[in-house]
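Below are the chains, spelled out letter by letter.
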Amino acid sequence: MPYGVSYAGAEHGYDDADAVIAGIPYDRTASFKAGAREAPSHIRRASYNFEESHFEHGLDQRSPRVHDYGDCEDRFLPEDMFEEVGFALGPAARDGKFIVAIGGEHTINIPLMRLFKNVSLLTIDAHLDSRDEYLGTPYSHACVTRRAAEHLGIENVFAMGVRSISREELDRDDVVSHATSFEIMDAGVEKAVARALDSLGNERVHVSLDIDGIDPAYAPGTGTPEPFGLTPMDVKKIISAVGDRLCGFDVTEVCPPADPSGITSVLAARMVNEALAVRAKHH
Ligand SMILES: [Mn+2]
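What you see is a predicted model, and the numbers here were worked out from it, not measured in a lab. (Residues numbered from 1 in each chain as written. Predicted model: local features only at pLDDT ≥ 70, side-chain atom pairs only at ≥ 80, totals over all residues. Heavy atoms only, no water.)

Moving on to empty space enclosed by the protein. To find the voids left in a structure, one rolls a probe of water-molecule size over its atoms. What the rule picks out here adds up to four cavities of 30 Å³ or more. One number sums up the size of the largest cavity: a volume of about 40 Å³. Lining the largest cavity, in full, are Asn109, Ile110, Met113, Arg114, Val144, Arg147, Ala148 and His151. For the lining of the largest cavity, the elements supplying multiple residues, two or more each, are α3 (109-113) and α4 (144-152). (1 Å grid on protein atoms, 1.4 Å probe; cavity = no way out; pocket = protein on both sides within 12 Å on 5 of 7 lines; lining within 4 Å. Points joined across faces, edges and corners; volume = space filled by probe spheres on them. Helix = DSSP H or I, 4+ residues; strand = E, 2+ residues; numbered from the N terminus.)

So, in structure tokens, the structure goes:
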């Protein structure tokens, strides 16, 4: 496919692919700054920025055989977006392929998790996102870990890099397990991710990267930036630590209108490459 249309190196048909990428250009519940619907095309373009060899993994960009589905249709209602995600990635989930979703806002993780019964969810996010509902909808990006906890069991959900939690999320018996960015800075990311992986019940782990989990100095182009975040290297170490348990990855909340230099899309593409490389390394 021509430059910029499909993800770099994603030149396989569905049948012989190990991994399937889909863009989900959805930002209808954005609470602060919309624009994440533009992210899939920006992140695909940014994917051409990188060397094809990932020397530190001893791998080539083409080592995992990747199919790019393209983008889901941009729908207005969350329920319609859920259906689109089912069309795009349901077959890949059933066929046991590695799934990569490029948002869109974090809400896209809700239908992704519904494609599975027995996975764990590890989010990297400035926000705990564990409200029962927000601004009148249970399908807000502020409710992602709560919906996952209902579907997967709360013992299968863990959030890392959190530094923004509402009182209502902490004043309850079923607080979603998390490691704050402050804990990660003090104790080191290796310790924190080991605690996360110990606590997650299901063996297979889907990593959901809300780009605002990373400090806004590195990832300024996002809808709800929050200081005191993780470094890109912290996130690289987290993905690497998940290792052979990694079964899927999504990156969300990149907001191109808030990212004039394009650096946030570049970072998001690099993290997709990292997830693909870790997957390829273990399969
Ligand atoms: Mn967030």
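Now, onward.
Reference values for angles at a metal are 109.5 degrees in the four-donor tetrahedral case and 90 or 180 degrees in the six-donor octahedral case. The coordination sphere of the manganese ion, as far as protein atoms go, consists of Asp125 (OD), His127 (ND1), Asp210 (OD), Asp212 (OD) and Asp212 (OD), spread over 2.2 to 2.6 Å. Given the relative accessible area of 1%, aspartate 212 is considered buried. (Donors = N, O, S within 2.8 Å, 3.2 Å for Na, K, Ca; no water. Buried < 20%, exposed > 50% of the residue type's maximum accessible area, 1.4 Å probe, protein only.)

Next up on the list: the pairing of strand β9 (residues 204-210). For β9, the buried fraction is high: six of the seven residues fall into the buried class. Note: strand β6 (residues 119-124) against β9, six bridges, orientation parallel. Across the sheet, residue leucine 122 finds its bridge partner in β9, namely valine 207. Bridge analysis of β9 against strand β10 (residues 246-252) gives six bridges, and the strand direction is parallel. Along β10, the bridge assignment pairs valine 205 with leucine 246. Regarding the hand of the β-α-β motif, the stretch spanning β9, helix α8 (residues 232-242) and β10 is right-handed. (Pairing = 2+ DSSP bridges. Right-handed = clockwise from strand over helix to strand, strands pointing away.)

Moving on to helix α2 (residues 78-94). Its 17 residues give α2 an end-to-end C-alpha distance of 22 Å, which sits within 8% of 24 Å, the value for a rise of 1.5 Å per residue. Regarding α2, the residues found buried are Pro78, Met81, Phe82, Glu84, Val85, Ala88, Leu89, Gly90, Ala92 and Ala93. (Expected span 1.5 Å × (residues − 1).)

What follows is about the side chain of threonine 123. One can find threonine 123 in strand β6. If we ignore the near neighbours within four places in the chain, the residues touching threonine 123 are Thr145, Phe158, Ala159, Met160 and Ser208. (Contact = heavy atoms within 4.5 Å.)

Another point: the side chain of histidine 57. The topology assignment puts histidine 57 in the loop between β2 (53-54) and β3 (59-60). What makes histidine 57 buried here is its relative accessible area of 11%. Of note is the side chain of histidine 57, whose polar atom sits 3.3 Å from the side chain of lysine 281. Discounting chain neighbours no more than four positions away, the residues touching histidine 57 are Lys236, Glu274, Ala277, Val278 and Lys281. (Polar contact = N/O pair within 3.5 Å; in protein donor to acceptor, adjacent residues only side chain to side chain.)

A few words on the environment of aspartate 71. For aspartate 71, the position within the fold is in strand β4 (residues 66-71). Between the C-alpha atom of aspartate 71 and that of serine 164, which follows or precedes it by 93 residues, the distance is 31 Å. Excluding residues within four positions of it along the chain, aspartate 71 makes contact with Gly23, Pro25, Pro40 and Arg44. Polar contacts involving the side chain of aspartate 71 include one to the side chain of arginine 44, which spans 2.9 Å.

Another aspect to go through is the packing of aromatic side chains. In this structure the tally under the stated criterion is two aromatic pairs. Relative to tyrosine 139, the ring of phenylalanine 82 has its centre 4.8 Å away and its plane inclined at 70°; by these criteria the two rings are edge-to-face. Taken together, the residues phenylalanine 82 in helix α2 and tyrosine 139 in the loop between β6 and α4 connect sequence positions 57 residues apart. Comparing phenylalanine 82 with tyrosine 139, the two get one shared label, buried. Residue placement shows lysine 97 over the ring face of tyrosine 14; its charged tip is 4.6 Å from the ring centre. (Phe/Tyr/Trp six-rings, centres within 6.5 Å; stacked < 30°, edge-to-face > 60°. Lys NZ or Arg CZ within 6 Å of the ring centre and 35° of its normal.)

Once that is clear, we can look at the sheet that holds β10. Strand pairs in the sheet, formed through backbone hydrogen bonds, run parallel or antiparallel to each other. In space, the eight strands of this open sheet follow the order β4-β1-β5-β10-β9-β6-β7-β8, with parallel pairing throughout. Edge strands, defined here as strands with exactly one partner in the open sheet, are β4 and β8 (177-180). Each strand of the sheet is rotated relative to its neighbour by a mean of 15°, with strand direction disregarded. One ladder, built from six bridges, connects strand β1 (residues 19-24) with strand β5 (residues 98-103); its direction is parallel. Bridge pairing in β5 links alanine 22 to alanine 101. Where α2 meets the sheet, it contacts β1, β4 and β5, and its direction lies at approximately 170° from that of β1. The sheet strands contacting helix α9 (residues 263-281) are β1, β4, β5, β9 and β10, and the helix crosses β10 at an angle near 175°. (Axes fitted to C-alpha atoms, helices over the stretch in contact; angles between N-to-C directions.)

What follows is about the packing of helix α1 (residues 39-46) against α9. Viewed as axis vectors pointing N to C, α1 and α9 meet at an angle of 70°, and their least axial separation amounts to 8 Å. If you check the angle between α1 and α9, you find them roughly perpendicular. Residues His42, Ile43 and Ala46 of α1 form the contact with α9, whose own contacting residues are Ser265, Val266, Ala268 and Ala269. The residue inventory of the contact of α1 with α9, partitioned by class, reads five nonpolar, two polar and no charged. (Parallel < 35°, antiparallel > 145°, perpendicular 65-115°, else oblique. Nonpolar A, V, L, I, M, F, W, Y, C, P; charged D, E, K, R; others polar.)

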